[in-house]
Amino acid sequence: MSFDKSAPLMSIESDDAWLDEQVKKKVWTGPLDQAIKMVDSLYNWGRRGSIWPMQFGLACCAIEMIAAGGGRFDISRFGSELFRPSPRQADLMIVAGTVTKKMVPAIVRLYNQMAEPKYVMAMGACASAGGPFKEGYNVVSGIDKFLPVDIYVPGCPPTPQALLYGFLMLHKKINGQSVRNVPWYQAEAHEAIPEPILGPDIFDPRRAVEIKQMLGNENELEARYIRLAARAELKHHKEGDAAAKPAAAKPVAAKPAPKPVTPAVAKTPAEAKLEENKADANFAQQAEQRHAANQDGAPKTETPNDAAKSA
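Conventions adopted
- Sequence positions are assigned chain by chain, starting from 1 and proceeding in written order.
- Only residues with pLDDT of at least 70 get local features here, since the model is predicted, and only at 80 or more are side-chain atom pairs given and counted; chain-wide, interface and lining totals rely on the full set of residues.
- To get the side-chain values, all heavy atoms of the structure are used, and hydrogens and water are removed first.
- Here, a disulfide means two cysteine sulfur atoms that sit within 2.5 Å of each other.
- In this scheme, a residue with accessible area under 20% of its type's maximum is buried, one over 50% is exposed, and one in between is partly exposed, where area comes from a 1.4 Å probe on protein chains only.
- Helix and strand definitions here come from DSSP, where helices need a minimum of 4 consecutive H or I residues and strands a minimum of 2 consecutive E residues; each element is numbered from the N-terminal end.
- Directions are taken from the helix axis to each C-beta atom, and the arc is the one they span.
- Contacts: residue pairs with any heavy atoms within 4.5 Å of one another.
- For this analysis, a ring pair means two rings from Phe, Tyr or Trp (six-membered ring only for Trp) whose centres lie within 6.5 Å, classed as stacked if their planes differ by under 30 degrees, edge-to-face if by over 60, and tilted for the remaining angles.
- Only Lys NZ and Arg CZ are tested; either one counts as a charge over a ring when it is within 6 Å of the ring centre and within 35 degrees of the ring normal.
- Basic side-chain nitrogens of Lys or Arg form a salt bridge, by our definition, when they fall within 4 Å of a carboxyl oxygen of Asp or Glu.
- By the convention used here, strands pair only if DSSP detects at least 2 bridges between them.
- Each polar contact in these results corresponds to two N or O atoms within 3.5 Å; when the atoms are within protein, one needs to be able to donate a hydrogen and the other to accept it, and residues that are neighboring in sequence are counted only if both atoms are side-chain atoms.
- Only the stretch in contact is used when fitting a helix axis, every axis being a line fitted to C-alpha atoms; angles between N-to-C directions are given from 0 to 180 degrees.

**Focus: the state of the cysteines**
So, point 1. Counted under the stated rule, the structure contains zero disulfides.
So, point 2. As a non-bridged cysteine, Cys60 has Cys61 as the owner of its nearest cysteine sulfur, 4.9 Å distant.
So, point 3. The thiol of Cys126 is unpaired, and the distance to the nearest cysteine sulfur, on Cys156, comes to 5.5 Å.

**Focus: helix α3 (residues 61–68)**
So, point 1. Looking at α3, one finds that the buried residues are Cys61, Ala62, Met65 and Ala68. Along α3, the residues classed as buried sweep out an arc of 110° about the axis, all on the same side. Those residues of α3 that are exposed and aimed more than 90 degrees away from the buried face are Ile63 and Ile66.
So, point 2. On its buried face, α3 sits against β1 (92–96), β2 (119–123) and α6 (160–175).

**Concerning the packing of aromatic side chains**
Note on aromatic pairs: each is described by the distance of the centres and the angle between the planes.
So, point 1. Applying the stated criterion to the full structure yields one aromatic pair.
So, point 2. Ring geometry for Tyr119 against Trp184: centres 6.4 Å apart, planes inclined by 85°, an arrangement best described as edge-to-face. Taken together, the residues span a long stretch of sequence, with Tyr119 in strand β2 and Trp184 in the loop between α6 and β4 (197–198) at a distance of 65 residues.
So, point 3. Taking the ring centre of Trp52 as reference, the NZ or CZ of Arg84 above it sits at 5.3 Å.
So, point 4. We note Lys118 situated over the ring of Tyr111; from NZ or CZ to the ring centre the distance is 4.1 Å.

**Comments concerning the pattern of salt bridges**
Two side chains with opposite charge may pair up if their charged atoms get near one another.
So, point 1. On inspection of all chains with the given rule, the structure shows four salt bridges.
So, point 2. The salt bridge involving Arg206 is made with Asp204; its shortest N-O contact spans 3.2 Å.
So, point 3. Assessed through its relative accessible area of 44%, Arg206 is described here as partly exposed.

**Concerning the pairing of β2**
So, point 1. Here β2 lies mainly inside the structure; five of its five residues are buried.
So, point 2. For β1 and β2, the ladder comprises five bridges, and the chain directions are parallel. Note that in β2 the partner of Ile94 across the bridge is Met121.
So, point 3. With three bridges joining them, β2 and strand β3 (residues 151–153) adopt parallel strand pairing. Each bridged residue has a counterpart across the sheet, and for Ala122 the counterpart in β3 is Tyr152.

**What about the side chain of Arg47?**
So, point 1. Relative to the helices and strands, Arg47 resides in helix α2 (residues 32–48).
So, point 2. Of the polar contacts made by the side chain of Arg47, one reaches the side chain of Tyr119; its length is 2.5 Å.
So, point 3. Ignoring any residue separated from it by four or fewer positions in sequence, one finds Arg47 in contact with Pro117, Tyr119, Ile174, Gln177 and Trp184.

**Looking at the sheet that holds β2**
So, point 1. The three strands are arranged β1-β2-β3 in an open sheet whose pairing can be described as parallel. Lying at the two open borders of the sheet, with one neighbouring strand each, are β1 and β3. Direction aside, the axes of adjacent strands within the sheet are offset by 20° on average.

Okay, here's the thing in structure tokens:
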């Protein structure tokens, strides 16, 4: 069944002018779109004026979040002073602090228990992108890898004023929503986000197909392992060279004559990948030999590449 949204809701056909005027004053006769806009404005006004954040914190950003609820900053001006201890009574999750892999399953579980409409705010550099612990083995580089984030509040840690500005940006987003297209009023069913599995590392079940395809390709796994080993050895040697004393200056050898330039031939992606894997394997092998020589106290073994460089 379809109808014209621009048509008036009621058509008045009467000879009595007074009756027509009274009906227009007391009965809405405008287009349906305009009526929905009025409902949206009233509905959004009520939602943005009563945002209840969930009461939990992860690290130092939570202290700033607590300070925003004090009398100096007065978060109650935005109707958000009621921090609810239960996720079923909250509609805003403020992820304040460093997100470790051990905490991700609990955070996703709390998000799934929140009722619609619900929003997520990533407070601080750690919750947004990992912060200073991004290279850590136990830290997630942003909660947006597991949850849909609506507002990012930068800073390390952000001030209470920055958090209040994040609330203003959330209000702006709520004002742009309509009851016709918000996800929680759509006919299709909403599936809960699957909880990540914590084992030797964090595992997102939504990437199960991608991980299975990668595990089935032995060449890709071997190439990844070689590259990781080569990067680890390179980092190890750089740290050792920085700590070692500068060696005596060696006599500068004469540079060899330049070789004739041959025209470059376009390589296929498979050939380029094979050469990259060979180079990584060669570098890893040389690094392993150097490391073994340093451990045993034996003189440094010269590889074919070293001999070519010294020549």
